[in-house]
Amino acid sequence: MNNYKKIILNNGLTLYLNTDPSLRQTYVSYSIHYGSNGRWFNFNLDGKDYHVLPGMAHYLEHLLGERSISGNMYTNFSRRHQSSNAYTGDDYTCYYFRGIENIYESTKDLLEAMENPIFDDKMVNQTRHAICEEATSCIDNYPLIASYLVEHELFGGFDKFYKTLTSIGNRETTELITTEDLYACYNAFYTKNRESMVISGNVNEEKMVDFLNNVIEKLPTNNHLVTLPSLDYSSIRHRDTIIDRPVNDDINGIGFKAMVPDSLKRIDVQIAFNLLFSKVLGNASLFSKKCQDEGLLDTYGYCDYGFIDKYFIFSLTYYGNDRKEFSKRFIDEFNNKNITEEEFNLLKRESLSKIIRGLDKKYSTPKNFTRRIPYTEEYSDKDYILNLTYDRFIEIINSLDFTNYVETVVREKKR
């Protein structure tokens, strides 16, 4: 990993520190390998079994940031003229801020909010109303619902998003969430082996590490024992799933998952798939153009990929006139893997140009690295792609089988 130095703090928290004198602002994030998908819904904590509702990770994101011991953490950041936010993904939760001044003060607020939160019924209920409003707003976001439906059906072994088909639950499930369950989820998943910090800026390494250690030595330590059940990640729920919503046009979805061989790193799969994706669905894709000319594809909706357990997953939502025919061609196109060495070199150059442009955005770079920590510690793709050969690329994509797929559609009820 280039640029970042990995440091284990005194309480076991992992810090990725980048000291860069060229940066005027400093970026600080706190990430937890704990997110919204169904693998986190059932667990055993200190000998007691828990079966919690969807939306717990998102609820904790709000509760910890907005009801911390120093008040609303984001309001404090704003008063110090810092930008900040938090988000909950399938597999992780992240809190971050960026600013020029008062970095140490805000870093202390962030650590205290994460390591010493407040859990009482009053705080939980004050948080509930805003989450209910947010959950209600998701009901009519049909392209997003279609995307969640794809990912839900890819895993027949557990309910990835329960029946709510959103990462934050719905109003009914949110109303049923209890303080006890929230506290149990915090104790189970906000643990040092799942947490990490990223700090990037013109900071002194020794001073920053000493400061962090001084702060955390005054905070409690989470020593709870959690066990996750063994889940079946291999099965697919359905090949063709339809849900009714009052939409003007059908929103189609397709997704596949491929088991990642033990011989491959996640960065191997990520880079190789990005190149393959550019060939199949990129701006200059002949496949996409032909499907559009034939009316099989109108526009894309949501497109996403990631990793769950040993599986790489990809989901796409789109508008088109013949879902079955597009799905067949789409899967065939990904699986034929017919890329010449000349095409590979063109795709490689295109990918490198995007990465180099991205490296010029100094303040987005640490944020992107934060998002990748649950999956890989590799900071930059540039050197990897420079050294990637055509033969190695073919070897990687040939080891992935994309035939394990689902089809879904969000359709107007009267049909």
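See the structure shown above.
Residues numbered from 1 in each chain as written. Predicted model: local features only at pLDDT ≥ 70, side-chain atom pairs only at ≥ 80, totals over all residues. Heavy atoms only, no water.

### Remarks on the sheet that holds strand S10 (residues 240–244)
Our working definition: Two strands make a pair as long as DSSP finds a minimum of two bridges between them. Numbering goes from the N terminus for both helices and strands, where a helix is a DSSP run of H or I of at least four residues and a strand is a run of E of at least two. In this description, a line fitted to the C-alpha atoms serves as the axis of each element, helices being fitted only across the stretch in contact, and the angle between N-to-C directions of two axes falls anywhere from 0 to 180 degrees. Should any heavy atoms of two residues lie within 4.5 Å, those residues are counted as being in contact.
Spatially, S10-S14-S11-S13-S12 is the arrangement adopted by the five strands of the open sheet, whose pairing is mixed. Here the strands that pair on one side only, and so sit at the sheet edges, are S10 and strand S12 (299–308). Pairwise comparison of adjacent strand axes, ignoring direction, gives a mean angle of 15° for this sheet. Across eight bridges, S12 lies against strand S13 (residues 311–319) in antiparallel orientation. Residue pairing across strands places Ile308 opposite Tyr311, the latter belonging to S13. Relative to the sheet, helix H5 (residues 142–154) contacts S10, strand S11 (251–259), S12, S13 and strand S14 (405–411), its axis offset from that of S13 by approximately 145°.

### As for the sheet that holds strand S7 (residues 93–99)
Ordered in space as S1-S2-S8-S3-S7-S6, the six strands form an open sheet in which the pairing is mixed. The open sheet has two edge strands, strand S1 (5–8) and strand S6 (83–88), and neither has a second partner. Sheet twist, expressed as the average angle between the axes of neighbouring strands with direction ignored, equals 15°. Direction of pairing for S6 relative to S7: antiparallel, over a ladder of six bridges. Following the sheet pairing, Tyr87 is matched in S7 by Cys94. The strands that helix H8 (residues 205–216) touches are S1, strand S2 (14–19) and strand S8 (195–201); relative to S2, the one it contacts most, it runs at about 155°.

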